[in-house]
Amino acid sequence: MSTRSPQWTTNYDHYLDVPHDAEIDEAVRAEGLVSLLGVPLVAGDRVLGVLFAANRDEHAFTPEEIVLLSAFADHGAVVLQTVHLLAQARASAEAARAANEDLARTMAARERASAVHQDLTNAVLRGGTAHEVARTLAASLGRSVEIFDRDLAPLASARTAASRESSSVTAHVRAAVERSRTTGRCVFLDPSDDGASVVVAVVAAETLLGAILVGHGDLALGSVERRTIERAAQIVALLALKREAVAEAEERVRGELISDILLGDGAHREELMLRARARGVRLESLRMVVAVLVPRDRRRAAVQALGTWRPGLLAGEHAGCVVVLTDAADPDSAATEVRECVRPLTGVPVLVVADAPVATWGELGARFEPLRQCADLLHGMGIQDTAVNAAAYQPYLALFGAGRDGIVAFTEAVLGPVLRWDRDHSTDLVKTLRTYIDSHCSPARAARALNMHINTVNQRLDRITLLLGPPWREPEPFFRVTVAVRMHALATGL
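Note that the structure is a prediction, hence the values are computed from the model and not measured.

Explanation requested: the overall build of the protein in the structure shown.
Looking only at helices and strands, the protein features 15 helices and 13 strands. Against the globule reference of 23 Å for 494 residues, the protein gives a C-alpha radius of gyration of 46 Å, more extended than a compact globule. When its C-alpha atoms are laid out on the principal axes, the protein stretches across 150 × 65 × 35 Å. Accessible surface, the protein as shown: approximately 26400 Å² in total, 54% of it carbon and sulfur.

Would you mind showing me how to read the pairing of strand β5 (residues 154-158) here?
Regular strands place side chains that alternate from one sheet face to the opposite one. Alignment of strand β4 (residues 145-148) against β5, held across four bridges, turns out to be antiparallel. In the sheet register, Ile-147 faces β5, and the bridge partner there is Ala-156. Where β4 hands over to β5, the hairpin turn is made up of five residues, of which Leu-152 adopts a positive phi near 60°.

Is there a simple way to explain the sheet that holds β5 in this structure?
Hydrogen bonding along the main chain pairs the strands of a sheet, whether they run parallel or antiparallel. Read across the open sheet, the five strands follow the order β5-β4-β8-β7-β6; overall the sheet is antiparallel. Whereas interior strands pair on both sides, the edge strands pair on one side only; in this sheet they are β5 and β6 (187-188). In this structure, β6 lies alongside strand β7 (residues 198-204), joined through two bridges in antiparallel fashion. Along β7, the bridge assignment pairs Phe-188 with Val-198. Docked against the sheet, helix α3 (residues 130-141) engages β4, β5 and β8 (207-214), running at close to 35° with respect to β5. In this fold helix α5 (residues 223-263) packs onto β4, β5, β6, β7 and β8, with an angle of close to 35° to the strand it touches most, β7.

Got a minute to help me understand the sheet that holds strand β10 (residues 314-318) in this structure?
Taking strand neighbours across the sheet as the criterion, the five strands line up as β10-β11-β9-β12-β13 in an open arrangement whose pairing is mixed. What marks the edges here is a single partner per strand, and that holds for β10 and β13 (386-389). When strand polarity is set aside, the average angle formed by the axes of neighbouring strands in this sheet is 20°. When strand β9 (residues 288-293) meets strand β12 (residues 351-354), the two strands line up antiparallel, connected through four bridges.

Can you help me understand the state of the cysteines in this one?
In a disulfide, the sulfur atoms of two cysteines are covalently bonded to one another. Inspection of every chain in the model, using the stated rule, returns zero disulfides. The thiol of Cys-374 is not disulfide-bonded; the next cysteine sulfur, from Cys-321, is found 12 Å away.

What's the story with the nonpolar core in this structure? I'm lost.
A general trend in soluble globular proteins is that nonpolar side chains are found buried together. If you look at the biggest cluster of nonpolar residues, it comprises 39 residues, and the most contacted ones within it are Leu-325 and Val-353. Of all the secondary-structure elements, those providing two or more residues to this core are α5, α6 (269-278), β9, β11 (321-326), β12, α9 (364-380), α10 (394-400) and α15 (475-491). At seven residues, the largest contribution of residues to this core is made by α9. Among residues more than four places away in sequence, those in contact with Val-353 are Val-289, Val-290, Ala-291, Leu-371, Cys-374, Ala-375, Leu-378, Val-388 and Ala-390. Formed by 29 residues, the second largest nonpolar core is a distinct cluster that contains Val-116, Val-145, Leu-209 and Leu-239.

Can you walk me through empty space enclosed by the protein in this structure?
Unoccupied space between atoms shows up once a probe the size of one water molecule is rolled over them. Counted by the stated rule, this structure contains one cavity of 30 Å³ or more. Roughly 30 Å³ of volume is contained in the largest cavity. Forming the walls of the largest cavity are Phe-148, Leu-152, Val-169, Val-173, Val-177, Ala-211 and Leu-213. Counting residues per element, the ones that place at least two in the lining of the largest cavity are α4 (171-183) and β8.

I'm lost on the pattern of salt bridges in this one. Help?
Pairing between side chains of opposite charge can happen when the charged atoms of each approach one another. Here the structure, examined in full by the defined rule, presents 21 salt bridges. In this structure, Arg-343 engages Asp-385 in a salt bridge whose closest nitrogen and oxygen atoms are separated by 2.8 Å. Separated by 42 residues along the polypeptide, Arg-343 in helix α8 (residues 331-346) and Asp-385 in the loop between α9 and β13 bring together distant segments of the chain. Note on Arg-343: relative accessible area 31%, which makes it partly exposed.

Would you mind going over the packing of α5 against helix α7 (residues 299-306) with me for this structure?
Helix-helix packing: each pair is described by the crossing angle between the helix axes and the interaxial distance. Viewed as axis vectors pointing N to C, α5 and α7 meet at an angle of 85°, and their least axial separation amounts to 11 Å. Between α5 and α7, the crossing angle belongs to the class labelled roughly perpendicular. Counting all contacts with α5, which are made through Glu-244, Ala-247, Glu-248 and Glu-251, the residues of α7 involved are Arg-300, Val-303 and Gln-304. A breakdown of the residues in the contact of α5 with α7 according to their chemical character gives two nonpolar, one polar and four charged.

I would appreciate a short explanation of helix α14 (residues 454-468) in the present structure.
Every α-helix carries 3.6 residues per turn, so stepping three or four residues along brings you back to the same face. If you check α14, its first and last C-alpha atoms are 21 Å apart, about what 15 residues at 1.5 Å a residue would give, namely 21 Å. Listed as buried for α14 are Val-457, Leu-461, Ile-464 and Thr-465. Buried residues of α14, seen end-on, are gathered within an arc of 105° and therefore sit on one face of the element. More than 90 degrees from the buried face of α14, the exposed residues found are Gln-459 and Leu-466. Just beyond α14, the residue with positive phi is Gly-469, at close to 100°.

Each value, and the rule that gives it
Residues numbered from 1 in each chain as written. Predicted model: local features only at pLDDT ≥ 70, side-chain atom pairs only at ≥ 80, totals over all residues. Heavy atoms only, no water. Helix = DSSP H or I, 4+ residues; strand = E, 2+ residues; numbered from the N terminus. Rg over C-alpha atoms; globule rule 2.2 N^0.38 Å. Areas by Shrake-Rupley, 256 points an atom, 1.4 Å probe, with all protein chains shown as cover. Pairing = 2+ DSSP bridges. Contact = heavy atoms within 4.5 Å. Axes fitted to C-alpha atoms, helices over the stretch in contact; angles between N-to-C directions. Disulfide = S-S within 2.5 Å. Core = buried A, V, L, I, M, F, W, Y, C linked by side-chain atoms within 4.5 Å. Buried < 20%, exposed > 50% of the residue type's maximum accessible area, 1.4 Å probe, protein only. 1 Å grid on protein atoms, 1.4 Å probe; cavity = no way out; pocket = protein on both sides within 12 Å on 5 of 7 lines; lining within 4 Å. Points joined across faces, edges and corners; volume = space filled by probe spheres on them. Salt bridge = Lys/Arg side-chain N within 4 Å of Asp/Glu carboxyl O. Parallel < 35°, antiparallel > 145°, perpendicular 65-115°, else oblique. Nonpolar A, V, L, I, M, F, W, Y, C, P; charged D, E, K, R; others polar. Expected span 1.5 Å × (residues − 1). Arc of directions from axis to C-beta.

This is how it looks when you write it as structure tokens:
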């Protein structure tokens, strides 16, 4: 192979002009070979191998034998070279076929993705919803698709005939959403499974607006499919931002309309009625004001919740609270219904105050300020999670206005000794005093209400007399004690 020329010997054991290989020597002895003739298989510049002829006796190879074996070697080299070239051709053809199949699959995936992208873009332009995005994506991928809002609550879903159920929003899914939130890319819930479900976060800047969960399916999610899912997440983000922008504009318009109704004068009645009609509200049917106190960052959620409470009402922000103008007739039921509507969607304590209905909508403005003062009064007393009728608190509002400081000072001045005694001795004389007043100042009735012996009640009343002084049962001091006890009960949420 190194000389590219025939080599021969009459006796291999005596052939010492070249190095011997132990394995070749062992093979020669095992076959009993003595004389050897070897010629190279040459094709161009390459040596493809060696063709050997051997005898088990000493034999002197003639020039004719050497030429004949060399001719055989040339033919063998041609055959080997041809086989090699055919193998290369077949490999090239196979590679070309595979490349064509990959190209066809890629082109089909891109065409499918292009159609999906066009459908999703059209959905944005014609004001589509998340449901339309879910249906389009599910039809393209042959998998179930679920879209969630910013709280990962279900927003829209779509199923196909071949799709299996997707995963629920478990802790594993939430962790995947957080990973996708930082990259904006798809995250597989089980990377080892080609048909596993995948999650992508719906984000705008650093704000999480929701997530898309694509369920299991037979179609492999390649790079084109993953980009399609990520594009769908961008479309959902655009729809969410558009929806929020429209909602914010509508809320601002309704808030301005409420402010104009409560603060406006009679000269603009027709204009206000036309503006209300444009919102689907008839001003002449509005008879009641309801004030809702929630933290500033939850007011918008409260307004959105009230938008679905009942038709024909107006809800918006005004004077530091959420105001509802409605056609309800009963303030107690209206306050309760508003609180039940708002509290689940805000997730915070909600104070709702309603007032009696008015004769005409033009009187709503006059009712609002006392209503807001009543809400401020209750909030200042620590009452922040209830629904009340403002009429029940008008006497206290007339006495103290909306200021908490006056209430605290008055209660401490009248009941201070009793309150301190209860704090220092872990007793509840204030409860005994309140029950005594509610029982028309009858110790026997108070004892029954407290489930105590009448002597125990009298002993506690004697202690109260020692703390407040004997005159506390006189008409004037007793009036102040009664009011202070009522205010203390309100302040402590009783």
